[in-house]
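Secondary and tertiary structure notes
The primary structure of each chain is shown beneath.
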Amino acid sequence: MKKKIAIITDIGFQKKEFDKLFISKLSEKFEIFIIDFTKITHPSLNIITKKNRIKLENFYEVNNYKDFENFFLDNKFLTTLINITNYELNLKINNFFKKNSLSITLIQNHVVMRYKKKLSQKISNIFYTLLDKKRILEKIRLLLFVKKNTLPLTNIFVCGLKGLKNGSIGSHTNIIKSHSNEYDVHIRSKSNKGFLISKKEKYAIFLDQYLPFHTDAKLIKNLNRKVSEEKYYPALNSFFSLFEKYTKTRVIIAAHPKSDYDQKGKNFWYSRSYFKDKTYELIRDSSYVLAHTSTSISYAVILNKPIIFLTSNEYIKSFDNFRVHAYANYFNQPLFNIDNLNNINFKSNLGDIDQKIYKEYFDDYIKYPGSSDSELSKIFINHFAGIGQKNI
């Protein structure tokens, strides 16, 4: 009989989650249970994700928290992967796991780079936060959550040296050295040598984050979106035109995995080509990578591609404000404001790469030094192989 592993989520369970948690391969060795709280925590998001939900045989949509506890205790799970965004639910589940001495495992698919704001940026951030009631409430809720969320992990698969700074690592946590989801894609894609764009053509790839429409801000964090559709796309395309003229390269779009540009029926990219679920291949064969703060920046580091960072006036005023500035400063790469085209100077270090910084980022955020080159699924399965029915 296969051992059982539970996955608890409150952001739906679509193809992105299915692939990121390598469910196909895990299902060969374990009985996987998906426990979905989205209907309770994010009802508006649930309506959207339900259309593309991937249902496994053991899919449990939670309608009542008490029923969840009974269901969970009736099953003897080897361990549980938790992907909960709602602070209150997270605390509730943590207390439940603590009370019943249950196992929690975290797979670090990606670690967000921490950074310090400059004094001027701190002042700007305080000013715009005070103007936004939603941001104030979110900061208060986060502070309360961090103070109460003290349940240590049973197992953690760290994807780099910075992964060791996770606050949920306790003295008895099993630390398994591994790598990020982006490096996992790199391993699987090595044998794929096909070209989406002509090998002779020089192009830059833009890492789309679906900013005006992404569900994370409005439906999950209850925050205002970073940018507006009306201002963002015209400014972005104006920048692309200027960039194409100077560099003599075509800009192509790596559309966000959750985007649905085809269904929206608008010419968002001004007839520029865009591809979905082909980010790795597009970056591999590109000359430049244009980005805000997408996690796919890791592909550019893995594949040794120069990164050019972009921001906008709206972005700077948003809850994510100066993170892109921090990335540009860390990598020593250009940062351009797409709303200030008159002040753009392309004669800066376009195409330059600081190899020392790329190596540092690789070790800190992409792959733990000396860790296995096997796929994450194999590292995970090997770790849990032979473990008995008791939770570890």
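Everything quoted here is computed from the prediction, not taken from an experiment.

**What to know about the sheet that holds strand β8 (residues 203-207)**
Sheets are built from strands that pair by backbone hydrogen bonding, the pairs being arranged parallel or antiparallel. As summarised here, the arrangement of the 6 strands in space is β10-β9-β8-β11-β12-β13, forming an open sheet in which the pairing is parallel. One side of each edge strand has no neighbouring strand; the edge strands of this open sheet are β10 (274-276) and β13 (335-337). Each neighbouring strand pair of the sheet contributes to a mean axis angle of 25 degrees, computed without reference to strand direction. One ladder, built from 3 bridges, connects β8 with strand β11 (residues 288-291); its direction is parallel. Residue Ala204 lies in a different strand from β11, and its bridge partner there is Tyr288.

**Topic: the sheet that holds strand β4 (residues 77-83)**
Spatial strand order, β3-β2-β1-β4-β5-β6-β7: 7 strands in an open sheet with parallel pairing. The sheet terminates laterally at β3 (59-61) and β7 (174-177), the two strands that pair on one side only. Along the sheet, successive strands turn relative to each other by an average axial angle of 20 degrees, direction set aside. Direction of pairing for strand β6 (residues 155-158) relative to β7: parallel, over a ladder of 4 bridges. Bridge pairing in β7 places Ile156 opposite Ile175. Together, β1 (3-9), β2 (30-36), β3 and β4 form the strand contacts of helix α5 (residues 65-74), whose direction differs from that of β2 by roughly 170 degrees. Where helix α6 (residues 87-99) meets the sheet, its contacts fall on β1, β4 and β5 (104-107), and the angle it forms with β4 comes to roughly 165 degrees.

**With respect to the packing of aromatic side chains**
Aromatic ring pairs are described here by two measures, namely the spacing of the ring centres and the angle between the planes. The final tally for this structure, using the stated rule, is 47 aromatic pairs. Relative to Phe96, the ring of Phe72 lies with its centre 5.9 Å away and its plane at 80 degrees, an arrangement referred to as edge-to-face. Here Phe72, found in helix α5, pairs with Phe96, found in helix α6; they are 24 residues apart in sequence, far enough to count as distant. Residue Phe72 is classed as buried on the basis of its relative accessible area of 2%. Look at Phe96 and you get buried, because its relative accessible area is 5%. Considering the side-chain rings of Tyr233 and Trp269, the 5.3 Å spacing of their centres and the 85 degrees angle between planes classify their relative orientation as edge-to-face. Taken together, the residues Tyr233 in helix α11 (residues 229-247) and Trp269 in the loop between α12 (261-264) and β10 connect sequence positions 36 residues apart. There is no split in this pair, since Tyr233 and Trp269 are both buried. The residue whose ring lies beneath Lys92 is Tyr65, and the NZ or CZ to ring-centre distance is 4.5 Å. We note Lys264 situated over the ring of Phe213; from NZ or CZ to the ring centre the distance is 4.2 Å.

**Notes on the confidence of the model for the chain**
Considering every residue of the chain, the mean pLDDT works out to 87; 93% of them sit at 70 or more. This model gives residues 388-392 a pLDDT under 50, and the stretch forms 18 contacts once residues within four places in sequence are excluded.

**Some remarks on the pattern of salt bridges**
Taken as a whole, this structure holds 14 salt bridges when the rule is applied. When the shortest N-O distance is used, the salt bridge between Lys15 and Asp19 registers 2.6 Å. On the criterion of helical spacing, the pair formed by Lys15 and Asp19 is a turn pair, its members being 4 residues apart in helix α1 (residues 15-20). Residue classification places Lys15 among the partly exposed residues on the basis of a relative accessible area of 49%. Since its relative accessible area comes to 37%, Asp19 is described here as partly exposed. Among the salt bridges present, the one from Lys258 reaches Glu17, with a minimum N-O distance of 3.4 Å. Taken as a pair, Lys258 in the loop between β9 (250-255) and α12 and Glu17 in helix α1 lie far apart in primary sequence, 241 residues in all. Put simply, Asp36, Arg53 and Glu61 are held in one network by salt bridges that share partners.

**Concerning the packing of α5 against α6**
Between α5 and α6, the least distance of the axes is 12 Å, while the angle of their chain directions is 35 degrees. By crossing handedness, the relation of α5 to α6 is classed as right-handed. Together, Tyr65, Phe68, Glu69, Phe72 and Leu73 of α5 and Leu89, Lys92, Ile93, Phe96 and Phe97 of α6 make up the contact between the two elements. The class makeup of the residues in the contact of α5 with α6 is 8 nonpolar, no polar and 2 charged.

**Overview of helix α16 (residues 323-331)**
For α16, the tally of buried residues reaches 8 of 9 residues, placing the bulk of the element in the interior. Regarding α16, the residues found buried are Arg323, Val324, His325, Ala326, Tyr327, Ala328, Tyr330 and Phe331. Phi turns positive, to about 55 degrees, at Asn332, one or two residues after α16.

**A look at the pairing of β2**
With 6 of 7 residues buried, β2 is to be regarded as a mostly interior element. Relative to β2, β1 is paired through 7 bridges, and the arrangement is parallel. Across the sheet, Thr9 pairs through a bridge with Asp36, a residue of β2. Sheet topology places β2 next to β3; 3 bridges connect them, and they run parallel. By the bridge assignment for β3, Asp36 is matched with Glu61.

Rules used throughout
Think of each chain on its own: its residues are numbered from 1, step by step along the sequence as written. Side-chain atom pairs in this predicted model are given and counted only at pLDDT of 80 or more, local residue features only at pLDDT of at least 70, and totals for whole chains, interfaces and linings cover all residues. To obtain the side-chain values, all non-hydrogen atoms of the structure were used and water was disregarded. Strands qualify as paired when DSSP identifies two bridges or more between them. Comment: elements are numbered from the N terminus, with helices defined as DSSP H or I runs of at least four residues and strands as E runs of at least two. In this analysis, axes come from line fits to C-alpha atoms, helices being fitted only over the stretch in contact, and the angle between any two N-to-C directions falls in the range 0 to 180 degrees. Throughout, a contact is declared for two residues whenever any of their heavy atoms are within 4.5 Å. For this analysis, a ring pair means two rings from Phe, Tyr or Trp (six-membered ring only for Trp) whose centres lie within 6.5 Å, classed as stacked if their planes differ by under 30 degrees, edge-to-face if by over 60, and tilted for the remaining angles. Exposure is judged per residue with a 1.4 Å probe applied to protein chains only, and the accessible area is read against the type maximum: over 50% gives exposed, under 20% gives buried, and values in between give partly exposed. Lysine NZ or arginine CZ positioned within 6 Å of the ring centre and within 35 degrees of the ring normal marks a charge as sitting over the ring. Per residue, pLDDT measures the predictor's confidence, with a range of 0 to 100. Each reported salt bridge corresponds to a side-chain nitrogen of Lys or Arg within 4 Å of a carboxyl oxygen of Asp or Glu. We call a crossing left-handed when the near helix sits turned anticlockwise from the far one by less than a right angle, and right-handed when that turn is clockwise. Only Asp, Glu, Lys and Arg are considered charged in this grouping, and only Ala, Val, Leu, Ile, Met, Phe, Trp, Tyr, Cys and Pro are considered nonpolar; every other residue, Gly among them, is considered polar.

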